[in-house]
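Chain by chain, the residues:
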Amino acid sequence: MSEVPSGQVSRRLPTHGVVERGEPVTIEMDGERLEAYAGETLAAVLLAYGRRGVRTSVRFRLPRGLFCGMGSCYECLVVVDGRPNIRACMTPVQPGMRAGTQRGPFEGVRPVPDWS
Ligand code: FES
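Because the structure is a prediction, the values reported are computed rather than measured.

(A) Structural context of the side chain of Gln102. Tracing the chain through its elements places Gln102 in strand S9 (residues 98-103). The class of Gln102 is buried, set by a relative accessible area of 1%. Within polar-contact distance, the side chain of Gln102 engages the side chain of Asn85 at 2.7 Å.

(B) Structural detail: the environment of Tyr37. For Tyr37, the position within the fold is in strand S4 (residues 32-37). Tyr37 sits twelve residues away from Val25 along the chain, and the two C-alpha atoms are 5.5 Å apart.

(C) Representation of the nonpolar core. Counting residues in hydrophobic clusters, the biggest one holds 19 residues, and the most contacted among them are Ile27, Leu42, Val78, Val80 and Val93. A total of four residues in this core trace back to one element, the largest contributor, which is helix H1 (residues 42-48). Apart from residues lying up to four places away in sequence, Val78 is in contact with Met29, Leu42, Val54, Arg83, Pro84, Asn85, Ile86, Ala88, Gly100 and Gln102.

(D) Inspection of unusual backbone geometry at higher detail. Even without being glycine, Asp30 reaches a positive phi, approximately 50 degrees. Residue Asp30 is classed as partly exposed on the basis of its relative accessible area of 39%. For Asn85, which is not a glycine, the phi torsion comes out positive at approximately 60 degrees. Along the chain, the position of Asn85 falls in strand S8 (residues 83-87). For Asn85, a relative accessible area of 37% corresponds to the partly exposed category.

(E) Molecular detail of the environment of Gly22. As for its placement among the helices and strands, Gly22 is situated in the loop between strand S2 (9-10) and strand S3 (24-29). Between the alpha carbons of Gly22 and Ala36 there is a distance of 8.9 Å; along the sequence they are 14 residues apart. Residue contacts for Gly22: discarding those within four places in its chain leaves Tyr37 and Ala38.

Parameters and conventions
Residues numbered from 1 in each chain as written. Predicted model: local features only at pLDDT ≥ 70, side-chain atom pairs only at ≥ 80, totals over all residues. Heavy atoms only, no water. Helix = DSSP H or I, 4+ residues; strand = E, 2+ residues; numbered from the N terminus. Buried < 20%, exposed > 50% of the residue type's maximum accessible area, 1.4 Å probe, protein only. Polar contact = N/O pair within 3.5 Å; in protein donor to acceptor, adjacent residues only side chain to side chain. Core = buried A, V, L, I, M, F, W, Y, C linked by side-chain atoms within 4.5 Å. Contact = heavy atoms within 4.5 Å.

From the geometry alone we can't say anything about function, so treat these as descriptive.
Put into structure tokens, the structure is as follows:
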């Protein structure tokens, strides 16, 4: 806890200085150009643009979005530069990155099985 000017004790966490952004980069998500900053994850950029759904569920093809944000749940799988099953929350943006919504489990790898 830190002292505040009035003499009261603050329960806020101490600041650790200014966070500096990386260089601006441009990426593409489903054909839309997005401005991002180096060092950000793809998930952070998508949230900043209001994109909550990043894939569709395997069985019912319902929209799915970020859940844990730390690489554990695999709810944020996207297709990045033609490679499916990439976790958006664990993937730093790269200049020219081309990402897309992943529809079903194996888009781009093999035919999607019929779950009905
Ligand atoms: S949001 Fe859980 S693994 Fe990405």
